[in-house]
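Overview (structure and organization)
Below are the chains, spelled out letter by letter.
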Amino acid sequence: MLYSYTRSSCLKMKSPCCHLISNISIRVKLFRYILNGRHVSPSVHVKCLYNRPVSRCFCTDHTQRSKLYYITTPIFYVNASPHIGHVYSAVTADCLHRYKLLQGYESRFATGTDEHGLKIQQAAGLSGKDPLSFCTEVSDRFKNVFRRSAILYTDYIRTTEERHRQAVEHFWTVLHSKGFIYKGTYEGWYSTPDESFLTPTQVTDSTDSMGREIKISIESGHKVEWMKEENYMFRLSKFRSELLNWLRLNPNVIHPVKFQHLVLQWLEDDLPDLSVSRQKSRLRWGISVPGDPEQIIYVWLDALVNYLTVVGYPQNHVEWWTAAHHVVGKDILKFHAIYWPAFLLAAGLPLPQKIYVHSHWTVEGKKMSKSLGNVVDPSEAMEKFTVDGLRYFLLRQGVPDSDCDYYDDKVVKMCNSELADALGGLLNRCTALSLNPKQVYAEFCNTCFPKESLEGGKAVLEDYRMVESVSALPVLVEQHFENLQAYKALEAITACVRQTNGFIQRHAPWKLDRNDCKDKQWLNTILHVSLECLRIYGILLQPVVPGLADKMLSRLGIKPEERNWDSLNFLVKYKGEDCPFERRALGPDRGILFSRLERSKVIPRIGTRQKSKPH
Ligand code: MSP
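With that settled, the discussion passes to the packing of aromatic side chains. One pass over the full model with this rule turns up 30 aromatic pairs. Between Phe171 and Trp340, the aromatic rings sit 6.1 Å apart at their centres with planes inclined by 35 degrees, giving tilted as the arrangement. Of this pair, Phe171 sits in helix α7 (residues 162-177) while Trp340 sits in helix α13 (residues 333-347), placing them 169 residues apart in sequence. Seen in terms of ring centroids, Phe234 and Phe239 are 5.7 Å apart; in terms of plane orientation they differ by 5 degrees. Their pairing is stacked. According to the relative accessible area criterion, Phe234 is buried, its value standing at 0%. Grouping aromatic residues by their ring pairs yields a cluster made of Tyr70, Phe171, Tyr307, Tyr313, Trp321 and Trp340. Cation over ring: Lys100 sits above Tyr69, and NZ or CZ is 5.1 Å from the ring centre.

What follows is about the pattern of salt bridges. Applying the stated criterion across every chain yields a total of 30 salt bridges. When the shortest N-O distance is used, the salt bridge between Lys384 and Asp408 registers 3.1 Å. Separated by 24 residues along the polypeptide, Lys384 in helix α14 (residues 378-385) and Asp408 in helix α16 (residues 408-431) bring together distant segments of the chain. Notably, a salt bridge pairs Arg563 with Asp550, separated by 2.7 Å at the nearest N-O pair. Of this pair, Arg563 sits in the segment after α20 (546-555) while Asp550 sits in helix α20; the two residues are 13 residues apart in sequence, bridging distant segments of the chain. Overall, Arg563 belongs to the buried group, its relative accessible area being 9%. Counted as one network, the salt bridges with shared partners bring together Glu443, Lys573, Glu582 and Arg583.

Its place among the elements puts His336 in helix α13. Looking at His336, its side chain comes within polar contact range of the side chain of Tyr307, at 2.7 Å. If near-sequence neighbours (up to four positions away) are discounted, His336 is found in contact with Trp300, Leu304, Tyr307, Val328, Pro341 and Ile355.

Looking at the protein as a whole, the pLDDT averages 87, with 86% of positions reaching at least 70. Throughout residues 606-615 the model reports pLDDT below 50, and contacts reaching past four residues in sequence, or to other chains, amount to 28 contacts.

As a further point, take the site of the ligand. Close to the ligand lie 24 residues, the nearest being Ile75, Asp114, Gly329, Asp331 and Trp361. Between the ligand and Gly329, the relevant distance is 2.8 Å, taken from an oxygen atom to a main-chain nitrogen or oxygen of the residue. Between Asp331 and the ligand, the recorded distance is 2.5 Å, taken from a side-chain N or O atom to an oxygen atom. Relative to its unbound accessible surface of 660 Å², the ligand loses 93% to contact with the protein. Going through the elements one at a time, β2 (76-77), α4 (84-102), α10 (299-304), α11 (306-310) and β15 (324-329) are the ones with two or more residues in the shell around the ligand. A class-by-class count of the residues in the shell around the ligand yields 12 nonpolar, 10 polar and 2 charged.

A few words on the sheet that holds strand β11 (residues 274-275). The 4 strands are arranged β6-β5-β9-β11 in an open sheet whose pairing can be described as antiparallel. Only two strands of the sheet have a single partner each, and these edge strands are β6 (196-198) and β11. In this structure, strand β5 (residues 181-191) lies alongside strand β9 (residues 225-234), joined through 10 bridges in antiparallel fashion. Bridge pairing links Thr185 to Glu230 in β9. Sheet strands in contact with α13 are β6, β9 and β11, and its direction is about 100 degrees off that of β6.

Moving on, we get to the pairing of strand β14 (residues 292-297). Pairing between strand β12 (residues 277-279) and β14: 3 bridges, direction antiparallel. Residue pairing for β14: Gln279 is matched across the bridge by Gln295. Pairing of strand β13 (residues 288-289) with β14, which is carried by 2 bridges, proceeds in the antiparallel orientation. Across the sheet, residue Val289 finds its bridge partner in β14, namely Asp292.

This brings us to the packing of α14 against helix α15 (residues 387-397). Closest axis-to-axis distance for the α14/α15 pair is 6 Å, and the angle between their directions is 110 degrees. The angle between the axes of α14 and α15 places the two elements in the roughly perpendicular class. On α15, the residues touching Pro378, Ala381, Met382 and Phe385 of α14 are Val387, Gly389 and Leu390. For the contact of α14 with α15, the per-class residue count stands at 6 nonpolar, 1 polar and no charged.

Per the stated rule, a full pass over the model turns up 0 disulfides. We note that Cys496 lacks a disulfide partner, and the nearest cysteine sulfur, in Cys533, lies 7.7 Å from it.

As a further point, take unusual backbone geometry. Note the cis peptide between His255 and Pro256, where omega equals -5 degrees. The omega torsion of the bond from Tyr313 to Pro314 falls at 5 degrees, within 30 degrees of zero and hence cis. For Pro314, the location among the structural elements is in the loop between α11 and α12 (318-321). With phi around 50 degrees, Leu571 is a residue other than glycine that occupies positive phi space. Within the secondary structure, Leu571 sits in the segment after α20.

So, how was this worked out
- Residues numbered from 1 in each chain as written.
- Predicted model: local features only at pLDDT ≥ 70, side-chain atom pairs only at ≥ 80, totals over all residues.
- Heavy atoms only, no water.
- Phe/Tyr/Trp six-rings, centres within 6.5 Å; stacked < 30°, edge-to-face > 60°.
- Helix = DSSP H or I, 4+ residues; strand = E, 2+ residues; numbered from the N terminus.
- Buried < 20%, exposed > 50% of the residue type's maximum accessible area, 1.4 Å probe, protein only.
- Lys NZ or Arg CZ within 6 Å of the ring centre and 35° of its normal.
- Salt bridge = Lys/Arg side-chain N within 4 Å of Asp/Glu carboxyl O.
- Polar contact = N/O pair within 3.5 Å; in protein donor to acceptor, adjacent residues only side chain to side chain.
- Contact = heavy atoms within 4.5 Å.
- pLDDT = per-residue confidence, 0-100.
- Near = heavy atom within 4 Å.
- Areas by Shrake-Rupley, 256 points an atom, 1.4 Å probe, with all protein chains shown as cover.
- Nonpolar A, V, L, I, M, F, W, Y, C, P; charged D, E, K, R; others polar.
- Pairing = 2+ DSSP bridges.
- Axes fitted to C-alpha atoms, helices over the stretch in contact; angles between N-to-C directions.
- Parallel < 35°, antiparallel > 145°, perpendicular 65-115°, else oblique.
- Disulfide = S-S within 2.5 Å.

Put into C-alpha cells, the structure is as follows:
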C-alpha cells in the first residue's frame, strides 16, 4: 500500500528531477545552483519547478498530468451562517488556486457544504423546516458569500447530492469488501457539535450554564455524551504504522510543520478502531449503510468522501485525485491527517499531496460565538471594507501557525496604509497627468540607469538595491504562497512598494524640467522603473486582491494575457532587452485604486448581535 504515497509515485514517474523535490527550500537551492552554473531567467526557473514544457527545462517528464492542481476547502456545516473564519478558509484556498492558474496549471478548486449528521438534524428541527430545505437555504448563503468574496471555486458540492450518495456508498462497499469494516459495539464519549468520538483522556469535568456537572472535550470545550451503540467499526488501529511511515517519508505533507509534529505525537498513542455508523433510531439525517438500512454512515466518513465525489469518484477520479491538496482549520486536523488517510489507504487510493492547516480567528481577543454576539458577518465586513479590503486583511494578518485577532479598526488601518496610501499613492504618482502628460508607459534610458552604479548615471546605490529586491520578489512570493504564508508574501511586496515610493521621493521627478532633454530622459526613466515595479506588484497581488490588481494592471495598460507568472520579467530594458510595454498608452480608468476607509463608519462591535442567523 505504501506505493501510493507521494514520493513513491514520483519514483514511478521516471522523472529524475523536480518531481522528487517536493520541498520548496530544496527547490530554491536547486534554483540557485542552476543560476550559478548557467544563466537561467526566473521565469525559466518557475517553469522548471512546475514541470512546464519549455526547452531549457531539465525535466524529462512533462506529462499533462503533472500540470494538474486540485485544491479543496473543508465543506462547511450548515447549522449556522458563514462567518469570517469560514471565509478565511475559502480565501486561503482561493489564493492558492488563483496562484496556480497564473503559473499555467489546470486547477480545480472545490468547496461546498456538509449537510448530514446529528447536529444538522437538530438545527433543522429547531428551525421547524424539513432538513433538506433548511440545508438548501444555508448552503445558498455560503454560496452567495463565497461569490461575493471573489472565491473562484470550480466545484460546489453538497453532501445531500445524489452523486455524493453514490460515491459514499461505493467507498463504504470497497472498505467493507476489503474487510476493514466490521460490526461491533461502540461505548464511549461523543461530541455532537464536533461530531467526534473521544477517548476518556480527551474529556474533562466541567459545569454547564445551570451549574450542572457535565463532561466536555478538552480540545474543543464542547459538551460530550456517553453512548453505547451497536454499529459498524473501521479498523483504524491497523493503519497506525502506515500513517507513521507516510508522515516520516513525507516530512512536509502537513504544513506548517508544527501540525505534522502534532499528528506524529497523536500517532504515538493508541489508535482505537473507529465507529463509522450510528443507529437510525438516533440519527436519521444521513446516508444509509449499504445493505443495512438501520444504520447511518458516520458524518465524517460521509463528509470526507466529498473530495473524491468532486473529481468523479468512483469512475473518473484517478487523474485529478493524485493532485489533491486540502486546506483545513486546526480543529479538524485529526479527521484529515488520521481518519482520511487511513480511509484512503484502506480503499487503495493515493494520499493527498498536502494538507495545509490554518489557525483560527478570534474577535477582539475572544473566541467567536453566538452567545457573545461577536460573530463577524463577512457580508457586513465586505460592505464596510470592500471585497479586496477584507481579503487583503485576512491574508495579510492571518498567520497559519497561531490564532489571529480581528478588529475592525485594524482592517481600516492596514488597508489605508498599505493599499490606499502606499500602493494607491505610488500608482497615482506614476500616472499623474502632471508627470506623465502623454499617459504612456514611459521610456527607460540606460545612460540614466546604467547596469553598474559607477558608470556615471543618475541612479544611486539605493535604486540598485530596489531593483535587486523587486527582481528577487517573484521567487520569494512564490515560496511564501507554496508555504501557505500569504502574509509573508504580502509583507515582502509591501516592503518593495515602500522602496519604490522611496525611489520616487528621493529623485523628486516633479522638480525636473520636462523641456530639458536630459531631465526628461531621467524623469521618464524614473516613471518607467516605477511602472515596472507596479506591474510586478500587480501580477503578484492577483491571487490576494483580484479586483484591485485588475484595476491597477488595467491602468498600466497590461493586457490580460500579460498578467501570468511568465510575465514576471522585471525591467528587461535594464538588462538590455526590449520592453513590450514602452510607449504603450496607459489604461483610461484614472479612478482611485483603493478609497481610504473611514473609521467613523466602523460601528463598535462589542455587544452587537449579528442579524443573519439561520435559526
Ligand atoms: N464540516 C466540517 C468539515 C468537513 S470537511 C470534510 C467542519 N465544518 S465547519 O463549518 O465547522 O468548519 C469549516 C472550516 O472553517 C474549518 O476549517 C474550520 O477550522 C474553519 N473555521 C471555523 N471557525 C473558524 C475561525 N474562527 N477561524 C478560522 N477558521 C475557522 O468542520
